[in-house]
Amino acid sequence: MSKKKIFQYNFSRDFTPWLFYLKAMGIFFSLPILVIGISLFGEVGEMWSHIATYLLPQYLKNTTLLILGTSLLTVFLGVSSAWVVSRYEFRGRRTAEWLLFLPLAIPSYICAYAYVGIFGYGGSLGILGKSIGILIPPLDMMNLYGLIWVLSFSLFPYVYAASRASFLSNVASLRECATLLGANESRYFFTVALPLSQPAIVGGLFLVIMELLNDYGAAKYYGINTFTTGIFRTWTALEDFQSAIYLSALLVLLILLLKGLEKLQRGRKSFETQGRRAEGHVHMRISPKGWKNALCVLLAWTPIGFGFILPFFQLVRWAWLNVDIHAYWDVGSIAFQSFGLAFTTASLTLLFGLLLVYFSQWNPLKSFNFITKLATTGYIIPGAIIGIGLIGVSQYVVDFFDDTFQLKIGFLIYGSSFVLIYAYIVRFLALAYTPIGANSLKIGRQLAEASYLLGKKPLKTLRSIEIPLLKQTLYGVFFLTFIDTMKELPLTLLLKPYDVMTLAVKAFEYADDERVAEASIPALMLIGIVGTLLLLVNTKVLAEDKPSK
């Protein structure tokens, strides 16, 4: 029998409905990215020559400097704070350990408004100094350096979380061997702990860079031209969709380059550590004395102070000075809309992520599983790009129904939240797929295969056996997707219907209209919801990280 016939026979034998569902889901959730790729082969936009000559160099320069500056500062803040809370015992360590996650509760653009209110002309710091007879000159935050500062203190928890988990996973025998070889604390950190944590640190840093490239509100408010602000400006102000597509494609290439560099730096190095973490590791923390203890407190609490406490109290001050019952009532209705969008998105993302994982496992033709990678690339693509791609998809669908069936369906697409929720799912599907896939591998296939032998179908097995075992993971996925949806700004600005409003967009619109103090009310409500959920998730994470005694 020829190879061709063997291949045809195997394909006809192994083809299952799961492969069809997998391909359908993969293509469906890849449409915005595919449209951007296809549009590159079209004509160049009318404004492209002007953009390429006068604007693109500035976009590239500012974005590159922003990545370099923010990367350096977030790595320092995240790694240093993670090291001191995982290695040393000092006053306030337990509180600092979970408070270090809270800067993620304040979206970066809201943090940017607060910093101007603190340090800018007529800011809170100047007023405080005047009240005690001290002249404190204002600090100009609205520049590239100020944006680096704001984004670093907003995003460092990604590096902190990854570094802390890695430091806690290091086995005690490594430290004992280093001590026997005469290594002190600093040498152990730089030669053993830090190199072993390199993949985790780089992984957290990659998430920081992705969030940085997705930022629109802070960069626009500070007047810094980046790729993301350029995409918005090209589409909304210049009304040149094709040029916006080209800018999006260049940003995607930059992201792929960064992803390639991440894999290249890891190479074929092994970061595996043998052995188990010592029991009672919590009691093995070192208790520093004198200036070392003060340094630990400084490294742990400085990021909390600048990343959460200062912005939060500035927002509280604004809200106190602008008390308006009607404003609170309006923001309450907006919060209800935000909650509904986030709940729907989190539920659907969880469902599709779960199905994508198990359709891949049930599909015997593993060569087709690349479709899952295509469908889950949305998280490394900035929201502005997904939005631009989805606008192209929506317009194609509207034109198709109009030309083929003479049906006007534009109001169904642009007048409802369907497109916005679909865009959220495309953006956050990887948040569900990655942890569910990883934890399903931990469960193994033995229980499922035993269920199949007893005559149970895959869907019945999934519902009765595998989903209950994944319960904690599913809760975590739901809450994290809910949090990210509540905070999302670029996608919502591009795709929301006129009668839909979210807390994130309302805060941005107030600030964009130079009504920064009024932005504090929706901002505080957003922080309250996101912060509560974030603490619930991280309380579970911190509890799981504690070794057994």
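Residues numbered from 1 in each chain as written. Predicted model: local features only at pLDDT ≥ 70, side-chain atom pairs only at ≥ 80, totals over all residues. Heavy atoms only, no water.

S.K.: Any chance you could explain the overall build of the chain here in plain terms?
M.R.: The number of helices and strands found in the chain is 27 helices and zero strands. Put simply, of all contacts in the chain between residues at least 6 apart along the chain, 83% involve residues at least 24 apart. Surface summary for the chain: the accessible area is close to 27100 Å², and the carbon and sulfur share equals 67%. (Helix = DSSP H or I, 4+ residues; strand = E, 2+ residues; numbered from the N terminus. Contact = heavy atoms within 4.5 Å. Areas by Shrake-Rupley, 256 points an atom, 1.4 Å probe, with all protein chains shown as cover.)

S.K.: Looking at this structure, I do not really get the confidence of the model for the chain. What am I missing?
M.R.: A low pLDDT score tells you not to read the predicted coordinates there in detail. Residue-level pLDDT values for the chain average 83, and 87% of them are 70 or greater. The secondary structure element of the chain with the lowest average pLDDT is helix α1 (residues 3–14), at 48, and the one with the highest is helix α8 (residues 144–155), at 95. A low-confidence stretch, residues 1–9 stays under pLDDT 50, and its non-local contacts, those more than four residues away or across chains, total one contact. The model gives residues 274–283 a pLDDT under 50, and that stretch makes 23 contacts with residues more than four places away or in other chains. (pLDDT = per-residue confidence, 0-100.)

S.K.: Explain helix α16 (residues 291–321) here, please?
M.R.: If you look at α16, its biggest bend is around 45°, right at glycine 305. Listed as buried for α16 are Cys296, Ala300, Pro303, Ile304, Gly305, Gly307, Phe308, Pro311, Gln314, Leu315, Trp318 and Ala319. (Bend = angle between axes of the 7 residues up to and from the residue. Buried < 20%, exposed > 50% of the residue type's maximum accessible area, 1.4 Å probe, protein only.)

S.K.: How should I be thinking about the nonpolar core in this particular structure?
M.R.: Considering soluble globular proteins, one finds that nonpolar side chains tend to be buried as a cluster. By size, the foremost hydrophobic cluster in this structure holds 158 residues, and its most contacted members are Ile110, Tyr113, Leu213, Tyr222, Ile436 and Leu495. In this structure, tyrosine 113 is in contact with Tyr221, Trp318, Ala507, Phe508, Ala511 and Val516, ignoring residues within four places of it in sequence. (Core = buried A, V, L, I, M, F, W, Y, C linked by side-chain atoms within 4.5 Å.)

S.K.: Any chance you could explain the pattern of salt bridges here in plain terms?
M.R.: Close approach of charged atoms allows side chains with opposite charge to pair. Applying the stated criterion across every chain yields a total of seven salt bridges. The salt bridge partner of arginine 93 is glutamate 89, with a shortest N-O separation of 3.2 Å. One salt bridge in this structure joins aspartate 402 and lysine 408, with 3.1 Å as the shortest N-O distance. (Salt bridge = Lys/Arg side-chain N within 4 Å of Asp/Glu carboxyl O.)

S.K.: In this structure, what is going on with helix α24 (residues 471–487)? I would like to understand it.
M.R.: An α-helix turns once per 3.6 residues; consequently, residues spaced three or four apart project the same way. For α24, with 17 residues, the first-to-last C-alpha span of 25 Å sits near the 24 Å given by 1.5 Å per residue. Among the residues of α24, those classed as buried are Thr473, Leu474, Val477, Phe478, Thr481, Phe482, Ile483, Asp484, Thr485, Met486 and Lys487. (Expected span 1.5 Å × (residues − 1).)

S.K.: For this particular structure, what's the right way to read the packing of aromatic side chains?
M.R.: Aromatic rings in a pair are described by how distant their centres are and how their planes are angled relative to each other. Taken as a whole and judged by the stated rule, the model has 37 aromatic pairs. Between tyrosine 59 and phenylalanine 227, the ring centres sit 6.4 Å apart and the planes meet at 50°, which makes this aromatic pair tilted. Separated by 168 residues along the polypeptide, tyrosine 59 in helix α4 (residues 48–87) and phenylalanine 227 in helix α14 (residues 227–236) bring together distant segments of the chain. Accessibility classification places tyrosine 59 together with phenylalanine 227 in one group, the buried group. Ring centres 6.1 Å apart and planes at 45° place the aromatic pair tryptophan 83 and tyrosine 188 in the tilted group. With a gap of 105 residues between them, tryptophan 83 in helix α4 and tyrosine 188 in helix α11 (residues 185–196) connect regions that are remote in the sequence. Its relative accessible area of 11% is what places tryptophan 83 among the buried residues. Among the aromatic residues, ring-to-ring pairing joins Phe20, Tyr21, Tyr358, Phe359 and Trp362 into one connected group. (Phe/Tyr/Trp six-rings, centres within 6.5 Å; stacked < 30°, edge-to-face > 60°.)

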